[in-house]
Amino acid sequence: MPPLWIQPLGNSRKGNKILSNNKITVLRRGSFLGLHLLERLDLRSNIISTVQPGAFLGLGELKRLDLSNNRIGCLSSETFQGLPRLLRLNMSGNIFSGLQPGLFDELPALKAVDFGTEFLTCDCRLQWVLPWARNHSVQLSERTLCTYPSALHAQALGGLQEAQLRCEGALELHTHHLIPSLRQVVFQGDRLPFQCSASYLGNDTHIRWYHNRDPVEGDEQTGILLAESLVHDCTFITSELTLSHIGLWASGEWECSVSTVQGNASKKVEIVVLETSASYCPAERVANNRGDFRWPRTLAGVTGLQYPFTSVPLSGGSPGTRASRRCDRAGRWEPGDYSHCLYTNDITRVLYTFVLMPINASNALTLAHQLRVYTAEAASFSDTMDVVYVAQMIQKFLGYIDQIKELVEVMVDMASNLMLVDEHLLWLAQREDKACSGIVGALERIGGAALSPHAQHISVNSRNVALEAYLIKPHSYVGLTCTAFQRREVGVPGMQPGSAGQNAPPEPEPSTDQQLRFRCTTGRPNVSLSSFHIKNSVALASIQLPPSLFSSLPAALAPSGPPDCTLQLLVFRNGRLFRSHGNASRPGAAGPGKRRGVATPVIFAGTSGCGVGNLTEPVAVSLRHWAEGTEPMAAWWSQEGPGGPGGWSSEGCRLHSSQPGASSLHCLHLGNVAVLMELSAFPREAGGPGAGLHPVVYPCTALLLLCLFSTIITYILHHSSIHVSRKGWHMLLNLCFHVAMTSAVFAGGITLTDYQVVCQAVGITLHYSSLSTLLWMGVKARVLHKELTWRAPPPQEGDPAPPAPRPMLRFYLIAGGIPLIICGITAAVNIHNYRDHSPYCWLVWRPSLGAFYIPVALILLVTWIYFLCAGLRLRGPLTRSPKGGNSRGSLEPGEEPRGSPRLRSSGPLLSDSGSLLAAGSAGAVTPVPPEYGDGLYSPGAQLGALVTTHFLYLAMWACGALAVSQRWLPRVGCDRRRRRTRPPAGLPPEGEPTLTPSEGSDTSAAPLPDLPAQRRSASRDTLKGGGTAPEESKRRSYPLNSASLNGVPKGGAKYDDMGLTGNEAAGGGCMKTGLWKSETTV
């Protein structure tokens, strides 16, 4: 049915007229003449867009008019002429956004009105409605709700105050569209039209076009066609721009700007014009601290937008959270902008929020305390921006010290904590934002900001930084000597005087309760670092300021009443905060294994409030060494060094004397002073190139792998000669293989963090092999428990043949399939779960809980339950068979043991040893009577060997984890070894028994001639309870071969010919392999 408009109806009946849902588009003037008795007119749900003036003439008795849900946008006071008795008017659901003043002047009897629309803007243009409704007693419907501005959204217009209806703030338009809205890629010579539509707010609404922020005017010669703006239904304004012949000049941003008296609003679209031979940027993957970004192959001149690969929003996302990167005209990627993306590291994200928070005097102390909590874990910082953000916060807190004195202690604590950060991260933070120089500079200015006539002294102690500041009068100054010291902790190496020259560790880590302190005295007393007078303390540095320090004050300060001066002292435990790009600090800059670095604490002296000229007497400084080195040099720190932001310089300082443990120097100016040396050893940089494990780990791992692969090869080559069941053979080989895989991958790849793909492969392999090894042990425990509890029924005549053996596939599905599923799911969810800026290649903490530690806990629980049940079964009365044998039908129905026909026919059904020690029992076997059993290890020996291997593997795994996660562990072992007292030559160490031939050492004497016979009969003598059976059984059942499976003999240090203690073994990687000897020959 085509659209209609209302013609004069000419019907004078009294009542209602319902014309809803009729697709009426226009109400012409006089459309209702002749209906003077009509009281209700329903025109809702049509498509009326135009109501001509006088359209309702002739409806003198009309009381209700419904124009809702149409497309009326233009209304004026002439629209409602001829309705003197109208009581209710409904105009809701139309498209107008405002009403002209005086619209209802022709409706004197109006009592209720509803004009809520989806575009209704409650601003100053509707301010006249409220007083009009109040003066004429007109009720505004509760359904008349504001849509704009957003501050008044969904609020009833009748409930607002006139003051709330104002035209202020940012311009909000109910309609603003630009077509096309997405980036366009076109070729030279193409035609491209633009259309911009916006809300029409009055005669002051205009649309203007811009290209790269330059105004655009119509120019047919250049191909720019700009049409006049059109207004539709008094609600929308539209402008069209056409580029008829596009050239390279058209590349860039095209902007449609809507300007009104209230403000401006704009929409932009990017146009990329390609030449006929366009270039491309190749696909590239970028991984940084903001996430993993995969940039596709992109046309030259196009700017790409990407979400992090692991953080794509499920239901869309704000464009502001995406990274942008431009491919230039030459087909090369420009540096990307990742600043809008969130950090992947939780700590970095939190520190970034601290930087964004506004700081004032009321919240500065609270924020400082909260930030100090995060810096307490500074040793685990893995991102350069962690240091940068903390440094920025410290500098912000400096501005509130004069109001909040408590900030001094918090700032010093945070600087002390940052000295625990990895050296390479500190160097990168200094290069990125001069973070280290900013921290040092903030600490140097604390005294001048905090001291006042009411607070003339400040003293702050911390783990790595100590501060002392005084407010002094220059004319009464007589000299000052200060010594930085710390309490001596008994048993801590490197704290004894003179220990620096005796292979001390490069940089001792102080304990938590050891803090640097200052002790200052006036005058010039003689202070020696080696003979410090405070009990149980060791002096690390001292500085002596001459009495003539202020004698060279400028003439401006010479009056009789000079102002007070601030004298501040600082001591830093090491030089980690003094990073430069030159040879002085950058690791490896002076050649392989050698560089000039800070070998002593750094001490600072400075003044504030009064200048100090050229000193007539030098400042004497004594510093204790914490590292060995050669060619000592006195140096002071300049904030603007020759190699970049900050550097060491020897100008004005000279070395007075140098001893193996300490040096003294004289300087003719104040500042940060230290002694530099050509160092031969440095603390390892976590994750840096060349980082490795403790040296002991590698030979021990090699020895362990040799034993494991020897066992594997022996069992493969001689499987027909070794008496072991099919299940035991498979389990032993798989267990040895997975232990070898875990050890080899750990030693060779745990620290390869510089190669992301390799590091992730190492993490996945370690994850799989660790779980699989534990599962193979659990499967073996289950089989052993079943052997002890299952008994075959006695054979009877007529019984069918025993069933075929069950396949081994079920064990492979359990011990190999479950780890594959867990590792696959973990890697599929987020491959970066296996490396997230960690100093080693392993699972990050949170995913590891569900992907590793919880499965391991379940596996261990089940395995230990099997161990417990098997042990209880062995202690029960049914352990032995009636004939005194030590086996309970270990083979399942239909299964035969691996071995020669001679062994299979030698007596009763042979036991499935399935033992890790089965290699030791597969030699030449002498036939024995049936009552003596099969000559294999008893189930108790098998269970003991399996339990021992199980816990040794757990200990090896835990020690390996500690070796890479705790930096102090290898050093503690070495220090204890260094302090250990060596026994005289030829005597064993105290507390360690001498090995005897009965203990199975290859270094023992040759065995007696009858020893083989004793070994063959040991297990049988044990069952019989012979006189020498206990001793012989103890020797026979000792798991000598267990070293080939897990690298650690049961005797611990007893079989370690290197002379290391247990603590040394733990500190060195915890994989010490003792000597072992097989009992039989295959």
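Going by the structure above, here's the rest.
Residues numbered from 1 in each chain as written. Predicted model: local features only at pLDDT ≥ 70, side-chain atom pairs only at ≥ 80, totals over all residues. Heavy atoms only, no water.

Student: So what exactly am I meant to see when it comes to the sheet that holds strand β2 (residues 15-18) here?
Tutor: The pairing of strands in a sheet comes from backbone hydrogen bonds and takes either a parallel or an antiparallel form. In spatial order, the strands read β2-β4-β6-β7-β8-β9; together these six strands make up an open sheet with parallel pairing. Looking along the sheet, the strands with just one partner apiece sit at the ends: β2 and β9 (139-140). Strand direction decides the pairing type here: β2 and strand β4 (residues 38-42), joined by four bridges, are parallel. Note on β4: the bridge partner recorded for N16 is R40. (Pairing = 2+ DSSP bridges. Helix = DSSP H or I, 4+ residues; strand = E, 2+ residues; numbered from the N terminus.)

Student: Would you mind showing me how to read the nonpolar core here?
Tutor: Grouped burial of nonpolar side chains is what soluble globular proteins tend to show. Residues F397, L443, I446, F572 and W648 are the most contacted members of the largest nonpolar core, which totals 64 residues. Here this core gets nine residues from one element, more than from any other, and that element is helix α4 (residues 384-397). M777, A815, L860 and V964 belong to the second largest nonpolar core, which has 50 residues in total. (Core = buried A, V, L, I, M, F, W, Y, C linked by side-chain atoms within 4.5 Å. Buried < 20%, exposed > 50% of the residue type's maximum accessible area, 1.4 Å probe, protein only.)

Student: Could you clarify how one ought to interpret a nonpolar patch on the surface in this entry?
Tutor: A contiguous nonpolar surface patch, about 390 Å² in accessible area, is contributed by F709, I713, I716 and L717. By the secondary structure assignment, F709 is in helix α9 (residues 697-717). What makes F709 partly exposed here is its relative accessible area of 39%. (Patch = residues over 30% accessible without salt bridge, like charges linked within 9 Å, V, L, I, M, F, W, Y side chains within 5 Å. Areas by Shrake-Rupley, 256 points an atom, 1.4 Å probe, with all protein chains shown as cover. Salt bridge = Lys/Arg side-chain N within 4 Å of Asp/Glu carboxyl O.)

Student: How should the state of the cysteines be read in this particular structure?
Tutor: Covalent bonding between the sulfur atoms of two cysteines is what defines a disulfide. Tallied over the full model, the rule gives nine disulfides. Note that C74 is cross-linked by a disulfide to C234, the S-S spacing being 1.7 Å. Classification of the bridge connecting C74 and C234 rests on its S-S torsion, roughly 105°, and on that basis the disulfide is right-handed. In this pair, C74 sits in the loop between β6 (64-66) and β7 (88-90) while C234 sits in the loop between β16 (230-232) and β17 (236-243), placing the two residues 160 residues apart along the sequence. Using a relative accessible area of 40% as the deciding quantity, one classes C234 as partly exposed. The side chain of C759 participates in a disulfide bridge whose partner is C841; the two sulfur atoms lie 2.0 Å from each other. When the S-S torsion is -120°, as for the bridge of C759 with C841, the disulfide is left-handed. You can see C759 sitting in helix α11 (residues 756-789) and its partner C841 sitting in the loop between α12 (809-829) and α13 (845-875), a full 82 residues away along the chain. Take C759: its relative accessible area is 0%, and that puts it in the buried class. Residue C841 is classed as buried on the basis of its relative accessible area of 0%. (Disulfide = S-S within 2.5 Å.)

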